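Architecture and fold: a report
Here's the letter readout for the chains.
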Number of protein chains: 2
Amino acid sequence: MNLFELDTPRLVVDLDRLERNVDEMASVAREHHVRLRPHTKTHKIPEFAHMQLSAGAAGITVAKLGEAEVMADSGIDDILVAYPLWGTEKLERLRALRERARILVSLDSFEVGEGIARVGREQRRDVEVYLEVDTGHHRMGVSPGDEARLLARRLSTLTGIAVTGLLTHAGHAYAAPLATRDQVVAREIQDLVMTRASCQADGLEITEISVGSTPSARMESLEPGVTEVRPGTYICNDTAMVNLGVATLEQCAATILATVVGRPSPDRFVIDAGTKCFTSDGVGRSGWLHVVGRPDLTMEFITEEHGVGTIDRDAGHPLRIGDTLQIIPSHVCPVFNLFDVVTTYRGTTVEGELRVAGRGKVR
Amino acid sequence: MNLFELDTPRLVVDLDRLERNVDEMASVAREHHVRLRPHTKTHKIPEFAHMQLSAGAAGITVAKLGEAEVMADSGIDDILVAYPLWGTEKLERLRALRERARILVSLDSFEVGEGIARVGREQRRDVEVYLEVDTGHHRMGVSPGDEARLLARRLSTLTGIAVTGLLTHAGHAYAAPLATRDQVVAREIQDLVMTRASCQADGLEITEISVGSTPSARMESLEPGVTEVRPGTYICNDTAMVNLGVATLEQCAATILATVVGRPSPDRFVIDAGTKCFTSDGVGRSGWLHVVGRPDLTMEFITEEHGVGTIDRDAGHPLRIGDTLQIIPSHVCPVFNLFDVVTTYRGTTVEGELRVAGRGKVR
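Rules behind the numbers
Residues numbered from 1 in each chain as written. Chains lettered and ligands numbered in written order. Predicted model: local features only at pLDDT ≥ 70, side-chain atom pairs only at ≥ 80, totals over all residues. Contact = placed C-beta atoms within 7 Å. Helix = DSSP H or I, 4+ residues; strand = E, 2+ residues; numbered from the N terminus. Nonpolar A, V, L, I, M, F, W, Y, C, P; charged D, E, K, R; others polar. Core = buried A, V, L, I, M, F, W, Y, C linked by C-beta atoms within 7 Å. Buried ≥ 20, exposed ≤ 12 C-beta atoms within 10 Å, placed from the backbone. Least-squares fit on C-alpha atoms with pLDDT ≥ 70 in both. Domains from an automatic or database assignment. Pairing = 2+ DSSP bridges. Expected span 1.5 Å × (residues − 1). Axes fitted to C-alpha atoms, helices over the stretch in contact; angles between N-to-C directions. Parallel < 35°, antiparallel > 145°, perpendicular 65-115°, else oblique. Left-handed = near helix turned anticlockwise from the far one by under 90°.

Bringing the interface of chain A and chain B into the picture now. The partner chain B presents 49 residues to the 49 residues of chain A that form the contact. Counting residues per element, the side of chain A that touches chain B draws most heavily on strand 10 (residues 254-265) of chain A, which supplies 5 residues. Looking at the side of chain A that touches chain B residue by residue, the classes come out as 19 nonpolar, 14 polar and 16 charged.

Dropping the structure here:
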């Protein structure tokens, strides 16, 4: 079946492009001898995670236990839950997950460490944890250096837990212009390398330095000391990655297929996709949604079920009710979280559907 | 079970508040002799739609056929699909839905009317349609007056369709300050009443004037000529409605229950809920997320799985890892679309869970 004959709106994935993206990042990691542990929150689809592993990833990263469970169900047995786990229910689920997979977790507090250590003691096998360090994003994480070392020391007094790595997410690299991004990344890695040395001088052996986001992963792979990168978005990319200069429009693999359902005035059109397909991420940023192959069309605003755009009529291309448009979203990760299934294709031929098995796993 | 003992994050609904909201809007409509046809895209839960019908609503509004199907499955038999339906698959679903419920649809073009008329002819029973008029939101809709009359006339030449109403959504009323909102509403209704008169003078009998959004519904109910209002958000409200002056914080019935998972610095805290619970709607607007009962806590920014806030330490209230917070979202409608289930409660006692059966119905 032809892609453009499908009922819309719909999230569609170009498998050729996705495979190229998967291979390219795997090559970068391999060349620089860092472990690739892609963040699968971008797609939440076990089949895609297996493609990443086949290409060379050594394990995966997830944000939630619910995502880890879905991925473990598919046979994946090396998973970093990059999130502090708190509370009886979550710790019980961590215990169950550890019966069938290697599960690493991240944390930035002693309180969270105490709960996780109980799980390790019950199972008579240490839980491997990464200590989250704040390298400038100011979200989670202890400060590099002494503060991190002191927490690592306190955690080392707990039985059932082993701090094996330092982890950071340089979310602030997204805001850094291309010209200064390498400085942000260099500083990030220096902070972590220095913290690891400080821990080692204190008798705390920490082997892993785990970093990564799509905008920074290729730079981080070059930095001495990094052992693991965790990019996520690179598998599909989006206009945010294009605007950051780390992907081209041709490397964007996930798009929304939408239909023109209204032509209320000569220079305005309405499509059947709004925030329920695109989310509100990036709204207002120039070119936040890109209509593939139609430079004459500009998306102006979206509401839940409507996307409203304008036409450059001087271009002379018609646009009729019923026409199908293909649109690259601004931030692809939350888009996958809005769809129960994605349609896969090559060229313009539909291959099939995949369930977004990790969608909606809020806990 | 106590609400605050639940694992988080979680969407929770205060049934006492919800019932009061349902009753209040039903009273407004009853007093002013307008039909209430609430937009159920806000909650997407058949049980809540039945509460609205029991309180006096004469039917419901939905945005998508998938939502209509879910509501029809629950026995609701009077549904307005306030969206232009296009394409073979959707028209086939419209036909099937009409076998078990009264289905009205809206449109703003002759092209969409042609497809819908085919369904009416096949079933030998006219499809009732509302013609969408643009009263200032500039999303969909034909211009009031002559343009609307001419389209109504063209549509009247089609067999299988009957234009019975004029519909508008005054989305621009959301942006109007309270002081001028009544002028926006008055103008909206004048446009529609004038258009209906123009149609009538042309021999086109149009009986219904269908308007409504939560910010405008109470004003619209007062306006002569209006026959139907379609507010949605009023059932739960959100900080956007509070900021517009049409609800109080005490009338907000849907909140996110979240846990403090990080205290990375003395004046910063991190909760386990981000855009995957709140969406990005309203981000950056002052007070876009409201932490119930904790004026000392201000949400600063959110990413997919993290919410980051600051503490006014002068207030002297402690905040520890593991504490549960209850947070009113900025825009409640897309929040329901992120959750498979909601937890209901009265006081602080959990009543049960309801499935968000209409979640994710993009088509």
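Still more to cover.
In this section: the nonpolar core. In this structure, A:Val81, A:Leu131, B:Val81 and B:Leu131 are the most contacted members of the largest nonpolar core, which totals 229 residues. Beyond its immediate stretch of four places on either side in the chain, A:Leu131 contacts A:Leu107, A:Asp108, A:Ala148, A:Leu151, A:Ala152, A:Val163, A:Leu166 and A:Leu167.

To continue, consider the relation of the copies chain A and chain B. Note on the copies: chain A fits chain B at an RMSD of 0.0 Å, the axial shift is 0.0 Å, and the rotation between them is 180°. Between the two chains, the operation in question is that of a two-fold axis. For chain A, the residue whose C-alpha comes nearest the rotation axis is A:Ser280, separated from it by 2.7 Å. When you check the interface residues of chain A against chain B, 100% turn up at the interface there too, and the contact is symmetric in its surfaces.

In this section: the domain arrangement of chain A. Residues and elements named next belong to chain A. Entries for chain A in the domain assignment read domain 1 (3-9 + 247-355) and domain 2 (16-235). Once you take the C-alpha centre of each, domain 1 and domain 2 turn out to be 33 Å apart. Contacts between the two partners involve 8 residues from domain 1 and, on the opposite side, 12 residues from domain 2. Counting residues per element, the side of domain 1 that touches domain 2 draws most heavily on helix 11 (residues 332-336), which supplies 3 residues. For the side of domain 1 that touches domain 2, a count of residues per class yields 5 nonpolar, 2 polar and 1 charged.

Strand pairing in a sheet relies on backbone hydrogen bonds, with the paired strands running either antiparallel or parallel. All names here are of chain A. One open sheet accounts for 8 strands, arranged 2-9-8-7-6-5-4-3; its pairing is parallel. On the outer flanks of this sheet lie strand 2 (35-36) and strand 3 (60-62), each paired with one strand and no other. Strand direction decides the pairing type here: strand 3 and strand 4 (residues 78-81), joined by 3 bridges, are parallel. From the neighbouring strand, Val 62 faces strand 4, where its bridge partner is Val 81.

Below, the discussion takes up helix 7 (residues 178-201) of chain A. Residue and element names in this part refer to chain A. Between the first and last C-alpha of helix 7 there are 35 Å, a value that for 24 residues agrees with the 34 Å anticipated at 1.5 Å per step. Along helix 7, the positions that sit buried rather than exposed are Arg 181, Val 184, Val 185, Glu 188, Ile 189, Asp 191, Leu 192, Thr 195, Arg 196 and Cys 199. Summarising the contacts, the buried residues of helix 7 are in contact with helix 6 (146-156), strand 7 (161-167), strand 8 (208-211) and helix 8 (214-220). Residue Gly 203 follows helix 7 closely and has a positive phi angle near 85°.

Attention now moves to the packing of helix 6 (residues 146-156) of chain B against helix 7 (residues 178-201) of chain B. The geometry of a pair of packed helices is captured by two quantities: the angle between their axes and the separation between those axes. Residues and elements named next belong to chain B. At a minimum axis distance of 9 Å, the contact between helix 6 and helix 7 shows a crossing angle of 45°. Considering their axes alone, helix 6 and helix 7 lie oblique with respect to each other. Judged by the sense of rotation from one axis to the other, the crossing of helix 6 with helix 7 is right-handed. In this structure, helix 6 contributes Ala 148, Arg 149 and Ala 152 to the contact, and helix 7 contributes Thr 195, Ser 198 and Cys 199. Looking at side-chain class alone, the contact of helix 6 with helix 7 contains 3 nonpolar, 2 polar and 1 charged residues.

Residues and elements named next belong to chain B. Taken together, 8 strands build an open sheet; the order of strands is 2-9-8-7-6-5-4-3 and the sheet is parallel. Only two strands of the sheet have a single neighbouring strand rather than two, namely strand 2 (35-36) and strand 3 (60-62). Pairing geometry for strand 6 (residues 127-132) and strand 7 (residues 161-167), over 6 bridges, is parallel. Considered in strand 7, the bridge of Glu 132 is made with Leu 167. Along the sheet, helix 3 (residues 65-73) contacts strand 3, strand 4 (78-81) and strand 5 (102-107); its crossing angle with strand 4, the most-contacted strand, is approximately 170°.

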